[in-house]
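Next come the chains, spelled out residue by residue.
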There are 2 protein chains.
Amino acid sequence: MSLGFVSLVGAGPGDPELLTVRATRRLADAELVLNDALVPSELLALAPRAQRFFVGKRAGRHSIDQAGIHQLMIAAARRGKRVVRLKCGDPFVLGRGGEEALALEEAHIPYEVIPGVSSAIAAPALAGIPVTHRGLASGFVVVSGHSDDACAVLDGIAPNSLTVVVLMGIRTRAALATRLLARGWPAATPAAVVYGASYPDHVTWRGELAALATAPAHGDPLPGVIVVGDVVALADRIAYARPDAATAASR
Amino acid sequence: MSLGFVSLVGAGPGDPELLTVRATRRLADAELVLNDALVPSELLALAPRAQRFFVGKRAGRHSIDQAGIHQLMIAAARRGKRVVRLKCGDPFVLGRGGEEALALEEAHIPYEVIPGVSSAIAAPALAGIPVTHRGLASGFVVVSGHSDDACAVLDGIAPNSLTVVVLMGIRTRAALATRLLARGWPAATPAAVVYGASYPDHVTWRGELAALATAPAHGDPLPGVIVVGDVVALADRIAYARPDAATAASR
């Protein structure tokens, strides 16, 4: 039997229209889809021929461990299947996609990586926040907020010199704010938490860094992206998500 | 006459299959496309009905200034046209997309922003380099290298604590290397320059940070993305771009 093929696919922030063309083609042809939590059902519907296997977290616990995901992908490919490993955002941004690529490589399974629209950039954008803007931020930094210490890598960054984007950081947002304030970031630095970017029920909290800890935690089930920096204030003036714009787009 | 509509569209790294589904729809409907340099002709072919207007740099000089781009978009929308402003990568990553959004907002033109696959993440990925990887880098920083000083924002970052990605930095790569080495980054830190990611004629230079200045400059016309950090060494082991993988994908 000939070997199958595994596609490590970035699903983007959630809206099916923010999938890449290649991702939709691979889903259409897929025989097995392994999907994370937070991948909406509309995306899974694009793989009508595929058996689906949920490999994400449920109620905070992994339904299967990382080694188990590797084994599933490898076993299916050895049975000749076309496998799509569908990962939120981009597969190589804080998603253990590198580990999955290495596992496939070591098992001699043919595979590819299909980059996706990263929520680190798209979630702010869809809330009217450009992560870079001339005169405000000439770059940005993306980190995981999975633990209170995870943002220690931000310590050396001069306050307001870069836009800070934190994924998986809703639970630890107070520690993030404390850390940045201690390093000299002004209390009034604009901050935002974008929940459910590109989903119909998206909601954005905006305030000052000093108040970030008080931002409501809509994070379950909606994913949240934290943004800190002067660019956040542009959301006052970049309001294209207004209904008349949406109406004009769908003419 | 009713107002037109402007879509600020991320074109992704160049391969038409890495456009989003929404971007391809907007191109198909477009009556006017304003495109940057580096947008390949295959993408423009997706807008068969549209008048096309090149607004990028030619031989290092802008064919039109930023205010002129704003005026073109606004004038066309006032004539009722569906306009696509097609920008490399993601429109809000170092591309002045925020300025274009503000100009449209101030002119009361309905518009939208369609995030794209950013070359900052996808160019490394397509060269086998995940910008994050457990145990190697829990985050990454993206900056512009348009001038020797532009990377000064990296000064406070602890060596090897984040992956560094520099866009538009081919010309200033020597200054980048000098700066990082002076801040304590080890001379042997792995570095790469990815030229033409997702194009058929892509080529990647890999070496040590100390040798970055000697990386060949293929940067005209191919765009180049610089990556510095331990994750770059993973490209030795993430080799999915090999021909047999590509063949299996196109079965």
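Residues numbered from 1 in each chain as written. Chains lettered and ligands numbered in written order. Predicted model: local features only at pLDDT ≥ 70, side-chain atom pairs only at ≥ 80, totals over all residues. Heavy atoms only, no water.

Chemist: Tell me about the confidence of the model for chain A, and name the residues and values.
Modeler: Keep in mind that low pLDDT regions are not for reading the predicted coordinates in detail. Residue and element names in this part refer to chain A. Of all residues in chain A, 92% have pLDDT values of 70 or greater, and the mean over the chain is 91. A low-confidence stretch, residues 242-251 (pLDDT under 50), is modelled with 18 contacts involving residues beyond four sequence positions or located in other chains. For this predicted complex, the interface confidence comes out at an ipTM of 0.94, alongside a pTM of 0.94. (pLDDT = per-residue confidence, 0-100. Contact = heavy atoms within 4.5 Å.)

Chemist: Give me the interface of chain B and chain A: which residues, what numbers.
Modeler: Taken together, the contact pairs 69 residues of chain B with 69 residues of chain A. Between chain B and chain A lies a buried interface of about 5800 Å² when both sides are counted; carbon and sulfur atoms form 59% of it. Taken together, chain B and chain A are joined by 10 salt bridges. For the salt bridge of B:Glu17 with A:Arg22, the shortest nitrogen-to-oxygen distance reads 2.8 Å. Here chain B and chain A share 22 residue pairs in polar contact (both at pLDDT 80 or more) between them. Those elements giving two or more residues to the side of chain B that touches chain A turn out to be α1 (21-29), α4 (97-106), β7 (111-114), α5 (119-126), β8 (139-144) and α7 (243-249) of chain B. A per-class count over the side of chain B that touches chain A returns 39 nonpolar, 14 polar and 16 charged. Sheet topology places strand β8 (residues 139-144) of chain A next to β8(B); 5 bridges connect them, and they run antiparallel. Directly across from A:Val143, in β8(B), lies its bridge partner B:Gly139. (Buried area = accessible area lost by both parts, 1.4 Å probe. Salt bridge = Lys/Arg side-chain N within 4 Å of Asp/Glu carboxyl O. Polar contact = N/O pair within 3.5 Å; in protein donor to acceptor, adjacent residues only side chain to side chain. Helix = DSSP H or I, 4+ residues; strand = E, 2+ residues; numbered from the N terminus. Nonpolar A, V, L, I, M, F, W, Y, C, P; charged D, E, K, R; others polar. Pairing = 2+ DSSP bridges.)

Chemist: Describe the pattern of salt bridges, listing the residues and the values that go with them.
Modeler: Per the counting criterion, the structure on display carries 24 salt bridges over all chains. Between B:Glu106 and A:Arg237 there is a salt bridge, with the nearest N and O atoms lying 3.4 Å from each other. Of this pair, B:Glu106 sits in helix α4 while A:Arg237 sits in the loop between β12 (224-228) and α7 (243-249), on two different chains. Residue classification places A:Arg237 among the partly exposed positions, given a relative accessible area of 42%. One network of salt bridges, with partners in common, ties together A:Asp15, A:Glu17, B:Arg22 and B:Arg25. (Buried < 20%, exposed > 50% of the residue type's maximum accessible area, 1.4 Å probe, protein only.)

Chemist: Can you explain the relation of the copies chain B and chain A? Please cite residues and give values.
Modeler: If you rotate chain B by 180 degrees and push it 0.0 Å along the axis, it lands on chain A with an RMSD of 0.0 Å. In short, the pair behaves as if placed about a two-fold rotation axis. (Least-squares fit on C-alpha atoms with pLDDT ≥ 70 in both.)

Chemist: Any details on the sheet that holds β7(B)? Residues and values, ideally.
Modeler: Residue and element names in this part refer to chain B. Judged by pairing direction, the sheet is parallel, and its 5 strands sit side by side in the order β3-β2-β6-β1-β7 without closing on themselves. Of all the strands in the sheet, just β3 (51-54) and β7 have a single pairing partner and so form its edges. Going from strand to strand, the sheet's axes swing by 15 degrees on average, the running direction of each strand aside. Sheet topology places strand β2 (residues 32-35) next to strand β6 (residues 82-87); 4 bridges connect them, and they run parallel. (Axes fitted to C-alpha atoms, helices over the stretch in contact; angles between N-to-C directions.)

Chemist: Lay out the nonpolar core with the relevant residues and their values.
Modeler: Of all hydrophobic cores here, the largest spans 90 residues; its most connected members are A:Val6, A:Tyr111, B:Val6 and B:Tyr111. Ranked by size, the runner-up nonpolar core spans 46 residues in total, among them A:Trp185, A:Ala191, A:Ala215 and B:Ala191. (Core = buried A, V, L, I, M, F, W, Y, C linked by side-chain atoms within 4.5 Å.)

Chemist: If you had to explain unusual backbone geometry to someone new, which residues and values would you point to?
Modeler: Positive phi outside glycine occurs at A:Asn160, with the angle close to 65 degrees. Tracing the backbone through its elements, the reader meets A:Asn160 in the loop between β8 and β9 (163-167). Assessed through its relative accessible area of 19%, A:Asn160 is described here as buried. A positive phi angle, close to 75 degrees, is found at B:Leu38, a residue other than glycine. Mapped onto the elements of the fold, B:Leu38 is located in the loop between β2 and α2 (41-44). For B:Leu38, a relative accessible area of 41% gives the class partly exposed.

Chemist: Any chance you could break down the packing of helix α3 (residues 66-78) of chain A against helix α4 (residues 97-106) of chain A for me, citing the residues and the numbers?
Modeler: All names here are of chain A. For the pair α3 and α4, the least separation of the axes is 10 Å and the interaxial angle reads 45 degrees. Judged on the interaxial angle alone, α4 and α3 are oblique. The two elements α3 and α4 meet at a crossing, and its hand is right-handed. Taking contact as the criterion, the partners of Gln66, Ile69, His70, Met73 and Ile74 in α3 are, on α4, Glu99, Glu100, Ala103 and Leu104. Per-class residue counts for the contact of α3 with α4 are 5 nonpolar, 2 polar and 2 charged. (Parallel < 35°, antiparallel > 145°, perpendicular 65-115°, else oblique. Left-handed = near helix turned anticlockwise from the far one by under 90°.)

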